Amino acid sequence: MKKILSLLLLISGKMLGQETDIRSWTGVSLEKKLNKHISLNANLQVRTTDNFTAVGSYVGEFGLGYKINKHWEVSAYYRFSKRQKWDKSEDAYIYKPFH
């Protein structure tokens, strides 16, 4: 097994599949318990691209949870999302749906 791994490392050479672009995916989650059973939740995320110069996509979720007992909780969430993709014909970023 070690010989095969060593051989793969030696013949791999320069990898061309990697991009030199620096990106990030950051987010924050918040939870506020209103009482023993009910809680409000929020989750916000932003993804940057092109060396942190453009927003690639963002996602926001807001929800309400109800804790039935120690083992069960029911939640309902609303989610919104948008993303930008580079369009070569427009030579600019445009918003495109995820599907």
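This report concerns the structure included in the present document. Just so we're clear, the structure is a prediction, and the values are computed from it rather than from any experiment.

**What to know about the overall build of the protein chain**
Secondary structure summary: the protein chain contains 1 helix and 5 strands in total. Element order for the protein chain, N to C, with α for helix and β for strand: α-β-β-β-β-β. With 99 residues in all, the protein chain has 16% of them scored as buried. Restricting to contacts in the protein chain with at least 6 residues of sequence separation, those with at least 24 account for 28%. As displayed, the protein chain offers around 8,800 Å² of accessible surface, 60% of which is attributable to carbon and sulfur atoms.

**A few points about the side chain of Asn-43**
Among the structural elements, Asn-43 can be located in strand 2 (residues 38–49). At a separation of 3.4 Å, a polar atom in the side chain of Asn-43 contacts the side chain of Ser-29. Look past the residues within four positions of Asn-43 in its chain and what remains in contact with it is Val-28, Ser-29, Val-59, Gly-60 and Glu-61.

**Brief notes about unusual backbone geometry**
In the Ramachandran plot, Asp-50 falls in the positive-phi region, its phi being about 50° despite a non-glycine side chain. Note on placement: Asp-50 falls in the loop between strand 2 and strand 3 (54–67).

**Some thoughts on the environment of Ile-38**
Take Ile-38: it is sitting in strand 2. Residue classification places Ile-38 among the partly exposed residues on the basis of a relative accessible area of 30%. The sequence separation of Ile-38 and Ile-68 amounts to 30 residues, and the corresponding C-alpha distance is 9.3 Å. Non-local contacts of Ile-38, meaning those with residues more than four positions away in its chain, are made with Lys-32, Lys-33, Leu-64, Gly-65 and Tyr-66.

**Some details on the pattern of salt bridges**
In total, this model carries 2 salt bridges according to the counting rule given. Of the charged contacts, one joins Glu-31 and Lys-33 as a salt bridge, the two residues approaching to 3.7 Å between their closest N and O atoms. Residues Glu-31 and Lys-33 agree in their burial class; the two are exposed. The closest approach of N and O atoms between Glu-61 and Arg-79, which form a salt bridge, is 3.6 Å. Residue Glu-61 is located in strand 3, and its partner Arg-79 is located in strand 4 (residues 73–87); the two are separated by 18 residues in the primary sequence.

Conventions used here
- Residues numbered from 1 in each chain as written.
- Predicted model: local features only at pLDDT ≥ 70, side-chain atom pairs only at ≥ 80, totals over all residues.
- Heavy atoms only, no water.
- Helix = DSSP H or I, 4+ residues; strand = E, 2+ residues; numbered from the N terminus.
- Buried < 20%, exposed > 50% of the residue type's maximum accessible area, 1.4 Å probe, protein only.
- Contact = heavy atoms within 4.5 Å.
- Areas by Shrake-Rupley, 256 points an atom, 1.4 Å probe, with all protein chains shown as cover.
- Polar contact = N/O pair within 3.5 Å; in protein donor to acceptor, adjacent residues only side chain to side chain.
- Salt bridge = Lys/Arg side-chain N within 4 Å of Asp/Glu carboxyl O.

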